[in-house]
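Here's the letter readout for the chains.
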Amino acid sequence: DAPVNPTQALLNIHFNYRVKDDLRGLYRSNYRQDGKYVAMATTQFESVDARRAFPCFDEPASKATFNVTLTVPEGSVSLF
């Protein structure tokens with residue numbers, strides 16, 4: 001078998017993720033503002049936790065760039 005020459009490729013993956021409360025990957029948290037609790041999504045990307053948020057290889061030798069699209073409800077703010 002002859003070696004394969006390096007090349008660039010584009011891979012599209014459609015992925016849905018429900019934000020959970022388990023403090024791993026991308027999860028739901030809250031803070032108080034003006035006496036009210038406000039929900040937010042936050043991350044904890046230790047070790048394998050990045051793979052909990054979206055399909056990826058979380059290894060130093062396999063780094064890649066991603067384009068991420070967020071659907072944010074009206075009246076909400078995204079700091080991404």
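Residues numbered from 1 in each chain as written. Predicted model: local features only at pLDDT ≥ 70, side-chain atom pairs only at ≥ 80, totals over all residues. Heavy atoms only, no water.

*Asks:* Would you take a moment to explain the overall build of the chain for this structure?
*Replies:* Check the secondary structure of the chain and you find one helix and two strands. The C-alpha atoms of the chain give 17 Å as radius of gyration, which overshoots the globular expectation for 80 residues (12 Å, by more than 25%). In terms of principal-axis extent, the alpha carbons of the chain reach across some 65 × 25 × 15 Å. When the 80 residues of the chain are sorted by exposure, 8% land in the buried category. In the chain, which carries 9 positive and 9 negative side-chain charges, the distance between the mean positions of the two groups comes to 7 Å. (Helix = DSSP H or I, 4+ residues; strand = E, 2+ residues; numbered from the N terminus. Rg over C-alpha atoms; globule rule 2.2 N^0.38 Å. Buried < 20%, exposed > 50% of the residue type's maximum accessible area, 1.4 Å probe, protein only. Lys, Arg positive; Asp, Glu negative; His and termini not counted. Charge placed at Lys NZ, Arg CZ, Asp CG, Glu CD.)

*Asks:* What exactly am I supposed to notice about the packing of aromatic side chains here?
*Replies:* Two aromatic rings are characterised by how far apart their centres lie and by the angle between their planes. Applying the stated rule across the entire model yields zero aromatic pairs. Above the face of the Tyr37 ring, Arg32 is positioned so that its terminal group lies 5.0 Å from the ring centre. (Phe/Tyr/Trp six-rings, centres within 6.5 Å; stacked < 30°, edge-to-face > 60°. Lys NZ or Arg CZ within 6 Å of the ring centre and 35° of its normal.)

*Asks:* Help me out: how do you make sense of the environment of Gln44 in this one?
*Replies:* Following the sequence through the fold, Gln44 ends up in strand β2 (residues 36–44). Sequence-wise, Gln44 and Leu23 are 21 residues apart; in three dimensions their C-alpha atoms are separated by 7.0 Å. If near-sequence neighbours (up to four positions away) are discounted, Gln44 is found in contact with Leu23, Arg24, Gly25, Tyr27 and Asp49. (Contact = heavy atoms within 4.5 Å.)

*Asks:* Would you mind showing me how to read the pattern of salt bridges here?
*Replies:* It is possible for side chains of opposite charge to pair when their charged atoms get near one another. Tallied over the full model, the rule gives two salt bridges. Across the pair Asp21 and Arg28 runs a salt bridge, and its minimum N-O distance is 2.8 Å. By relative accessible area, Asp21 is classed as exposed at 55%. Owing to a relative accessible area of 41%, Arg28 belongs among the partly exposed residues under this scheme. The closest approach of N and O atoms between Arg24 and Asp22, which form a salt bridge, is 3.5 Å. For Arg24, a relative accessible area of 37% puts it in the partly exposed group. Residue classification places Asp22 among the partly exposed residues on the basis of a relative accessible area of 32%. (Salt bridge = Lys/Arg side-chain N within 4 Å of Asp/Glu carboxyl O.)

*Asks:* How should I be thinking about a nonpolar patch on the surface in this particular structure?
*Replies:* There is a patch of nonpolar side chains on the surface, built from Phe66, Val68, Leu70 and Val72 and spanning about 340 Å² of accessible area. In this structure, Leu70 sits in the segment after α1 (50–53). Judged by its relative accessible area of 43%, Leu70 is partly exposed. (Patch = residues over 30% accessible without salt bridge, like charges linked within 9 Å, V, L, I, M, F, W, Y side chains within 5 Å. Areas by Shrake-Rupley, 256 points an atom, 1.4 Å probe, with all protein chains shown as cover.)

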